[in-house]
Amino acid sequence: MKIKKENGAGIRARRVVAYVVLILLSFLCLIWFYILFINATRSHAELSRGFTPIPSTYFIKNFQGMQHSTQPIMRGMLNSLIVAATSAVLCTYFSTMTAYAIHAYRFRMRKFLYTFILAVMMIPTQVTALGFIRLMLKMGLMDNFIPLIIPSIAAPATFFYMKQYMDSVLSLSLVEAARIDGAGEFRIFNVIVLPLMKPAIAVQAIFTFVANWNNYFTPSLILKTEKMKTLPVLLAELRSADFLKFDMGIVYMTIAFSIFPVIIVYLILSKQIVGGVTLGGVKE
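Residues numbered from 1 in each chain as written. Predicted model: local features only at pLDDT ≥ 70, side-chain atom pairs only at ≥ 80, totals over all residues. Heavy atoms only, no water.

## Structural notes on the packing of aromatic side chains
1) Next: One pass over the structure, following the stated rule, counts 10 aromatic pairs.
2) Next: Between the aromatic rings of Tyr 100 and Tyr 105, the centroid separation amounts to 5.8 Å while the plane-to-plane angle is 75 degrees, which identifies the pairing as edge-to-face.
3) Next: Taking 5.8 Å as the distance between ring centres and 15 degrees as the angle between the ring planes, the aromatic pair formed by Phe 209 and Trp 213 counts as stacked. Remark: Trp 213 and Phe 209 occur in helix 11 (residues 198-213); sequence separation between them is 4 residues, near one turn of the helix. (Phe/Tyr/Trp six-rings, centres within 6.5 Å; stacked < 30°, edge-to-face > 60°. Helix = DSSP H or I, 4+ residues; strand = E, 2+ residues; numbered from the N terminus.)

## Concerning a nonpolar patch on the surface
1) Next: A cluster of nonpolar side chains, Phe 107, Met 109, Phe 112, Leu 113, Phe 116, Val 120, Ile 123 and Val 127, forms an exposed patch at the surface whose accessible area comes to about 730 Å².
2) Next: Here Leu 113 lies in helix 5 (residues 110-120).
3) Next: Given a relative accessible area of 32%, Leu 113 falls into the partly exposed group. (Patch = residues over 30% accessible without salt bridge, like charges linked within 9 Å, V, L, I, M, F, W, Y side chains within 5 Å. Areas by Shrake-Rupley, 256 points an atom, 1.4 Å probe, with all protein chains shown as cover. Salt bridge = Lys/Arg side-chain N within 4 Å of Asp/Glu carboxyl O. Buried < 20%, exposed > 50% of the residue type's maximum accessible area, 1.4 Å probe, protein only.)

## Brief notes about the side chain of Thr 92
1) Next: By the element assignment, Thr 92 lies in helix 4 (residues 73-104).
2) Next: Side-chain polar atoms of Thr 92 contact the backbone oxygen of Ala 88, separated by 2.7 Å.
3) Next: Reaching out from Thr 92, the side chain makes a polar contact with the backbone oxygen of Val 89 at a distance of 3.1 Å.
4) Next: When sequence neighbours within four positions are dropped, the list of residues in contact with Thr 92 reads Met 162, Ile 201, Gln 204 and Ala 205. (Polar contact = N/O pair within 3.5 Å; in protein donor to acceptor, adjacent residues only side chain to side chain. Contact = heavy atoms within 4.5 Å.)

## Points about the environment of Glu 46
1) Next: Checked against the element boundaries, Glu 46 lands in helix 2 (residues 44-48).
2) Next: You can call Glu 46 buried: its relative accessible area is 17%.
3) Next: Sequence spacing of Glu 46 and Gly 249 is 203 residues, and the spatial spacing of their C-alpha atoms is 8.8 Å.
4) Next: Here Glu 46 is in contact with Ser 56 and Tyr 58, once residues within four sequence places are set aside.

## Observations concerning helix 6 (residues 129-139)
A turn of α-helix holds 3.6 residues, and therefore any two residues three or four places apart point the same way.
1) Next: When we look at burial in helix 6, the residues that qualify are Ala 129, Ile 133 and Met 136. Along helix 6, the residues classed as buried sweep out an arc of 65 degrees about the axis, all on the same side. Across helix 6 from its buried face, at more than 90 degrees, point the exposed residues Leu 130, Arg 134, Lys 138 and Met 139.
2) Next: Packing partners of the buried residues in helix 6 comprise helix 7 (146-149) and helix 12 (217-222).
3) Next: One or two residues past the end of helix 6 sits Gly 140, with phi positive at roughly 70 degrees. (Arc of directions from axis to C-beta.)

Right under this line is the structure:
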């Protein structure tokens, strides 16, 4: 009886410690969002005097200033949304298809291709940037969304995650049964494989969307005209504006407003994240 009481007390103590740690981590994660949204309600003069935890009354004025800024912020947000959403859809679909090809088919170069795709992850984007820009110049694709969307399809990290997840949830006997029933390969993939991969697709769609939404390096090299630039490029230009035109309140409002699409996408797909991350790391 005494041992049971000691075990119960130990479990409660560990639970209390776990809750304290989780609360502390949640606070550390969310406090920066709170500071950002508080600063978005303050004027440039108020921000110059330091931080205060109390919201101010300049939210509407900062929002109007963002809309009438010298930079086309709203157009940049639309451009970022087009690039990020299209890249997320194409990347997850074709990465899943590539993982399915490696998982379901047995061919001579299978292991080599798997190793080669993973080796591509070791190459930084900056290493190939010069050759990529020269290629886009020759193809006449500068100041275009195509160089930002099409290359994102080849995502070795997304492929690797999809392959690991597929190893745990997709039995080859299910694929063979569908083939015996007369289903074609594309029908098997679209009707059977994709529904099974929904949790993994949701997870990678979020990661891909956020990565392309926040991408500054490649768009800054490709996009030249103001109407084509994405939000990170315009935000960088807004922060480096002339001192007389620089308004920190508008900058904070733009940053806060740029987070909303990411939060919305996360809330839509968040139900799939726990299951996707858990099953993706488990193999049969």
